[in-house]
Amino acid sequence: MTELREHRLKRLSMRSMRRGIKEMDIILSRYAELRLESFDDAMLDRYDALLSENDQDLYQWVSGQKQPPEALRDMISDISTVAFQR
């Protein structure tokens, strides 16, 4: 059974808001709000996989404390741009 796009967007948005640490709740919920609607299925797959990563690792990657894995580098860079723009 295939998940409807509308349901998938809601699920990913909720997973973005309900993380383990507040900083990632804020960063990822803002990112989801600004980007998810424009993602194609492949990008949604990548974002879904990213949401399975540990919050402490995600925060270190997004904040530039550690290098993210190559497969996530572009998306982490985009998240960082969104998170820290004024």
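Attention now moves to the pattern of salt bridges. Following the criterion strictly, the structure yields nine salt bridges and no others. Put simply, D55 and R19 hold a salt bridge, and the shortest N to O gap is 2.7 Å. Here D55, found in helix α4 (residues 55-62), pairs with R19, found in the loop between α1 (5-17) and α2 (22-35); they are 36 residues apart in sequence, far enough to count as distant. The two residues D55 and R19 agree in class, both being buried. A salt bridge links E70 to R73, with the nearest nitrogen and oxygen atoms 2.7 Å apart. Through salt bridges with shared partners, a single network forms among E3, R11, R15 and D48.

Among all positions of α4, only D55, L58, W61 and V62 are buried. Projection of α4 onto a plane perpendicular to its axis shows the buried side chains occupying an angular sector of 125 degrees, all on one side. For α4, the elements touching its buried residues are α2, α3 (41-50) and α5 (73-83). Among the residues of α4, the N-terminal cap falls to N54, whose side-chain oxygen and the backbone nitrogen of Q56 are separated by 2.7 Å.

Okay, the nonpolar core next. L28, L36, Y47, L50 and I79 are the most contacted members of the largest nonpolar core, which totals 21 residues. Counting only elements with at least two residues in this core, the list comes to α1, α2, α3, α4 and α5. In terms of residues, this core owes the most to one element, α2, which gives five residues. With sequence-adjacent residues up to four places away left out, Y47 is seen in contact with L12, S16, L28, Y31, A32, L36, F39 and M75.

Turning to the packing of aromatic side chains, a few remarks are in order. Per the stated rule, a full pass over the model turns up three aromatic pairs. Taken together, the aromatic side chains of Y31, F39 and Y47 make up a single cluster linked through ring pairs.

Attention shifts here to α5. Since the α-helix turns once every 3.6 residues, residues separated by three or four places project in the same direction. All buried positions along α5 are accounted for by M75, I76, I79, S80 and V82. Angular distribution of buried residues about the axis of α5 spans 165 degrees; they occupy a single face of the element. In this structure, the buried residues of α5 make contact with α2, α3 and α4.

Scoring rules and cut-offs
Residues numbered from 1 in each chain as written. Predicted model: local features only at pLDDT ≥ 70, side-chain atom pairs only at ≥ 80, totals over all residues. Heavy atoms only, no water. Salt bridge = Lys/Arg side-chain N within 4 Å of Asp/Glu carboxyl O. Helix = DSSP H or I, 4+ residues; strand = E, 2+ residues; numbered from the N terminus. Buried < 20%, exposed > 50% of the residue type's maximum accessible area, 1.4 Å probe, protein only. Arc of directions from axis to C-beta. Contact = heavy atoms within 4.5 Å. Polar contact = N/O pair within 3.5 Å; in protein donor to acceptor, adjacent residues only side chain to side chain. Core = buried A, V, L, I, M, F, W, Y, C linked by side-chain atoms within 4.5 Å. Phe/Tyr/Trp six-rings, centres within 6.5 Å; stacked < 30°, edge-to-face > 60°.

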